Amino acid sequence: MDIMQFCEKVGKSLALRMGDTATVNTEKVLKNNGVTLHGVSVMEKGCNIAVNIYLDDLYLQYIQGKQFGGIVEEAYRGWQENRKQEKVDMGFFLDYGQVKNRVCYKVIGLESNMELLERVPHVPFLDMAAVFYCDVPEAETGMAATVLIRNSHLEMWGITKKELYGDAKRNTPGIRPPRLQPVREILQELAGEAAGIADLMLEDMPAMYVLGNGNRMFGAAAMLYEGILEDVSEILGDGFLLLPSSIHEVILVPAGDAEMCGEMVHSINAAQVPEEEILTNSVYRFSRENKKLEKVL
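Residues numbered from 1 in each chain as written. Predicted model: local features only at pLDDT ≥ 70, side-chain atom pairs only at ≥ 80, totals over all residues. Heavy atoms only, no water.

Q: Go over the overall build of the protein, please, and point to the residues and values.
A: Each helix and strand in the protein was counted, giving 12 helices and 13 strands. Each of the 297 residues in the protein was classed as buried or not, and the buried ones make up 42%. The long-range share in the protein, meaning contacts at least 24 apart out of those at least 6 apart in sequence, stands at 60%. When the accessible surface of the protein is split by element, carbon and sulfur atoms take 49% of a total near 16,000 Å². (Helix = DSSP H or I, 4+ residues; strand = E, 2+ residues; numbered from the N terminus. Buried < 20%, exposed > 50% of the residue type's maximum accessible area, 1.4 Å probe, protein only. Contact = heavy atoms within 4.5 Å. Areas by Shrake-Rupley, 256 points an atom, 1.4 Å probe, with all protein chains shown as cover.)

So this is what it looks like as structure tokens:
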């Protein structure tokens, strides 16, 4: 039984258990970096938001011997924990006049997302691409969420990619305000009671900074904010290097050995960053004279 057959079987079992109170459909969702998640969506009567239950981990447990009945029970609990009791009003999404002040951008890898980029408006940037999403505040719907904007949405709204990009460029720094923090400070916070020992360990560490945003989500996009890298060059000097830590943040270091930094990026991406959150394996350098970021490795 392959994973889609497994999802269909779980879906049928859930549908039988829920009766006519909900509709269950099999789902295959393409995420960042070609990561594909498999599962089912459950839409209760009277609701306009479906609950997605991803079954990839449960499928691995099934092929390793877990009983199917236990699988269905765990999927059912997952639905109960994530279901919305009240109808969520997403009607605003049909009207771009109500969406335009919520539009933001994030950056993802270009080469690793070619299939996804065929379906969504995007702006290439070096070996990355800016893609767009609608920020949905928790206060308005009862659930904080982001909705990836697709080509079909532009057709529905009757707008161009240029308009979308202009709105996102204006909105993103306000909705996702930039945050520049020294790595030393972050490590000292993590050290807690061992701060004294951490101080000794960090004594010879070169100046390094993490650039992200105050929301700690999609913060690598802060590298595109107007003037932000020029400001960093006042601290780190011209020609500083930018290392992509993830789609959520980047690391900024003084000019140095790009090859060694590249090895570090590869190592961290392979061992510590979830596949869906990897940005690129590249190293970039900022030129204050040209006010440009360039790929150097």
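And the narrative resumes.
Q: Please give an account of the sheet that holds strand E3 (residues 51-54) that cites residues and values.
A: With antiparallel pairing, three strands are arranged side by side in an open sheet as E1-E2-E3. Where the open sheet ends on each side, the last strands, each with one partner, are strand E1 (22-30) and E3. On average, each strand axis in the sheet is inclined to that of its neighbour by 30 degrees, with strand direction left out of account. Direction of pairing for strand E2 (residues 36-44) relative to E3: antiparallel, over a ladder of four bridges. Of the residues in E3, the one forming a bridge with Ser41 is Asn52. Sheet strands touched by helix H1 (residues 3-18): E1, E2 and E3. Its angle to E1, the strand with the most contacts, is close to 160 degrees. Contacting E2 and E3, helix H3 (residues 68-82) crosses the sheet at an angle of about 145 degrees to E3. (Pairing = 2+ DSSP bridges. Axes fitted to C-alpha atoms, helices over the stretch in contact; angles between N-to-C directions.)

Q: Outline the pairing of strand E6 (residues 128-136), supporting the account with residue identities and numerical values.
A: For E6, the buried fraction is high: nine of the nine residues fall into the buried class. Of the two faces of E6, both are covered, the one formed by Met128, Ala130, Phe132, Cys134 and Val136 as well as the one formed by Ala129, Val131, Tyr133 and Asp135. Here strand E5 (residues 122-125) runs beside E6; their pairing, made up of four bridges, is antiparallel. Considered in E6, the bridge of Val123 is made with Ala130.

Q: How would you summarise the pattern of salt bridges if you had to cite specific residues and measurements?
A: Using the criterion set out here, one finds seven salt bridges in the structure. Note that Lys295 and Asp127 form a salt bridge whose closest N and O atoms lie 3.7 Å from each other. Of this pair, Lys295 sits in strand E13 (residues 292-295) while Asp127 is found in the loop between E5 and E6, placing the two residues 168 residues apart along the sequence. With relative accessibility at 46%, the residue Lys295 sits in the partly exposed group. With its nearest N and O atoms 3.7 Å apart, the salt bridge here joins Glu234 to Arg288. In this pair, Glu234 is assigned in helix H11 (residues 228-236) and Arg288 in the loop between strand E12 (284-287) and E13, connecting sequence segments 54 residues apart. Assessed through its relative accessible area of 60%, Glu234 is described here as exposed. (Salt bridge = Lys/Arg side-chain N within 4 Å of Asp/Glu carboxyl O.)

Q: Give me the pairing of E2: which residues, what numbers.
A: In terms of burial, E2 is a largely internal element, seven of the nine residues being buried. Examined bridge by bridge, E1 and E2 share nine bridges and lie antiparallel to one another. The partner of Thr23 across the bridge, within E2, is Met43. In sequence, E2 turns back onto E3 through a hairpin of six residues, with Gly46 there showing a positive phi of about 85 degrees.

Q: Could you give an account of the nonpolar core, with specific residues and numbers?
A: Counting 41 residues, the largest nonpolar core has Val99, Leu164, Met223, Leu229, Leu242 and Leu252 as its most contacted members. Top contributing element to this core by residue count: E6, with six residues. Not counting the four nearest positions on each side in its chain, Met223 is found in contact with Val107, Phe125, Met128, Leu211, Ile228, Leu229, Leu242, Val250, Leu279 and Leu293. Counting 21 residues, the second-largest nonpolar core is a separate cluster that includes Cys7, Val40, Val42 and Leu58. (Core = buried A, V, L, I, M, F, W, Y, C linked by side-chain atoms within 4.5 Å.)

Q: Describe in detail the packing of aromatic side chains, supporting the description with residues and values.
A: The way to describe two aromatic rings as a pair is by their centre distance and the angle between their planes. For the coordinates displayed, the defined rule picks out 13 aromatic pairs. Ring geometry for Phe6 versus Tyr62: centroids 5.3 Å apart, planes at 35 degrees, classification tilted. Here Tyr62 lies in helix H2 (residues 56-63) and Phe6 lies in helix H1, a separation of 56 residues in the sequence. Since its relative accessible area comes to 0%, Phe6 is described here as buried. Take Tyr62: its relative accessible area is 23%, and that puts it in the partly exposed class. (Phe/Tyr/Trp six-rings, centres within 6.5 Å; stacked < 30°, edge-to-face > 60°.)

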